[in-house]
Amino acid sequence: MKKALGIFLLFAVSCTQEVYEKGDGEYSLMRGDFVEAHVNANKQIVSMTTDDGDQLPLSDPYSAKWITTGDTTYRCMLYYNKVEKSKGQFEAEVISIGQVPCSIVQPLKEFDKEFRTDPVKFESMWLSKSGKYLNVYLQLKTGVTEDTSAVQQLAFLTDTIMTYANGARTHHLLLHHDQNRVPEYYSTKAYVSIPTSQLTADSVRISINSYSGLVVKTLPLQ
């Protein structure tokens, strides 16, 4: 039997996330941040810039199979201990790093697949402190199947850009979600970051079909 945890995101690969118990052990001081991970020529992550603007070198270079390009930056979720190596100088001691897909927003009329709105569970949406990313947190239903072609698909599509009398503009997005024969036994987390450089407006409105009905969320981008 195949465990259908893989989520094929039309704009990138999926990421997994570990959950740790807090207390007095190894993970008691653990932090979790969305980051831009800076990769060297050897395809190793060597430093991070958090969404709060902290720039942290890693205590040890980090390698993973999903790091396929050198001299670039990946969007990631980082779990780490922030360790002071000298007075006022900190570095990140990595516990876990997972890639966070960055969505390329596509016009609905140019989408080359059947637009589907299979339900998801909407959790939250927020703008990064830097203003560079719109982050969306969803829960997807998944399960076990023998069908190796059963892989979920997600994409964000441009519906329209609304201009108001005062000159303000709202960028409307739709979530495409194709369950694609994946069983719906239990939930798994899915984080997506949308670079705001693609959203040429003062605010963004996202329409998502959830298990509780249509969810419409609007957020200012400035």
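Below is a short write-up of the structure. (Residues numbered from 1 in each chain as written. Predicted model: local features only at pLDDT ≥ 70, side-chain atom pairs only at ≥ 80, totals over all residues. Heavy atoms only, no water.)

**Overview of the overall build of the chain**
The condition is simple: Here a helix means four or more residues in a row that DSSP labels H or I, a strand means two or more in a row labelled E, and each is numbered from the N terminus. Partly exposed describes any residue whose relative accessible area lies between the buried limit of under 20% and the exposed limit of over 50%, with all areas from a 1.4 Å probe on protein chains only and scaled to the type maximum. Areas reported as accessible are Shrake-Rupley estimates using a 1.4 Å probe. Residue values count occlusion only from the protein chains shown.
Scanning the chain from terminus to terminus reveals zero helices and 15 strands. For the chain, buried positions account for 44% of its 222 residues. For the chain, the accessible surface area stands at approximately 11,800 Å², while carbon and sulfur atoms represent 48% of it.

**Re the pairing of strand β4 (residues 45-50)**
Rules: Strands qualify as paired when DSSP identifies two bridges or more between them.
Judged from the five bridges that link them, strand β3 (residues 31-39) and β4 form a sheet pairing that is antiparallel. Following the sheet pairing, Val39 is matched in β4 by Ile45. Counted along the chain from β3 to the antiparallel partner β4, the turn is five residues long, and its residue Lys43 has a positive phi close to 60 degrees. Two elements, β4 and strand β5 (residues 55-62), share four bridges in a ladder whose sense is antiparallel.

**A look at the nonpolar core**
We count it as follows: Working definition of a nonpolar core: buried Ala, Val, Leu, Ile, Met, Phe, Trp, Tyr and Cys residues. They are joined through side-chain atoms within 4.5 Å. Residues count as neighbours in contact if any of their non-hydrogen atoms are within 4.5 Å of one another.
Membership of the largest hydrophobic core comes to 22 residues, with the highest contact counts inside it found for Leu134, Leu138, Ile194, Leu199, Val204 and Ile206. Only β9 (121-127), β10 (133-145), β11 (152-163), β12 (169-178), β13 (186-195), β14 (203-210) and β15 (213-220) provide two or more residues apiece to this core. Top element by residues in this core is β10. It accounts for four residues. Setting aside chain neighbours within four positions, we find Leu199 in contact with Val105, Leu134, His171, Leu173, Ile194, Val204 and Leu221. Of all hydrophobic cores here, the second largest spans 14 residues; its members include Val39, Leu58, Ile67 and Tyr80.

**Here we look at the side chain of His176**
Basically, it comes down to this: Side-chain atoms alone can form a polar contact between residues adjacent in sequence; in general such a contact is a pair of N or O atoms within 3.5 Å, and within protein one must be able to donate a hydrogen while the other accepts it.
On the secondary structure map, His176 appears in strand β12. Here Arg116 takes part through its backbone nitrogen, which lies 3.1 Å from a polar atom of the side chain of His176.

**Considering the environment of Thr69**
When you line up the elements, Thr69 lands in the loop between β5 and β6 (72-86). Judged by relative accessible area, which is 40%, Thr69 ranks as partly exposed. Separated by 25 residues in sequence, Thr69 and Gln44 have C-alpha atoms that sit 9.3 Å apart. Once you skip the residues sitting within four places of it in the chain, Thr69 turns out to touch Val39, Lys43 and Tyr74.

**A closer look at unusual backbone geometry**
Within the chain, Lys43 stands out as a residue other than glycine whose phi angle is a positive 60 degrees. The topology assignment puts Lys43 in the loop between β3 and β4. Even without being a glycine, Asn180 presents a positive backbone phi close to 55 degrees. Positionally, Asn180 belongs in the loop between β12 and β13. Overall, the relative accessible area of 15% leaves Asn180 in the buried class.

In short, geometric facts, not functional conclusions.
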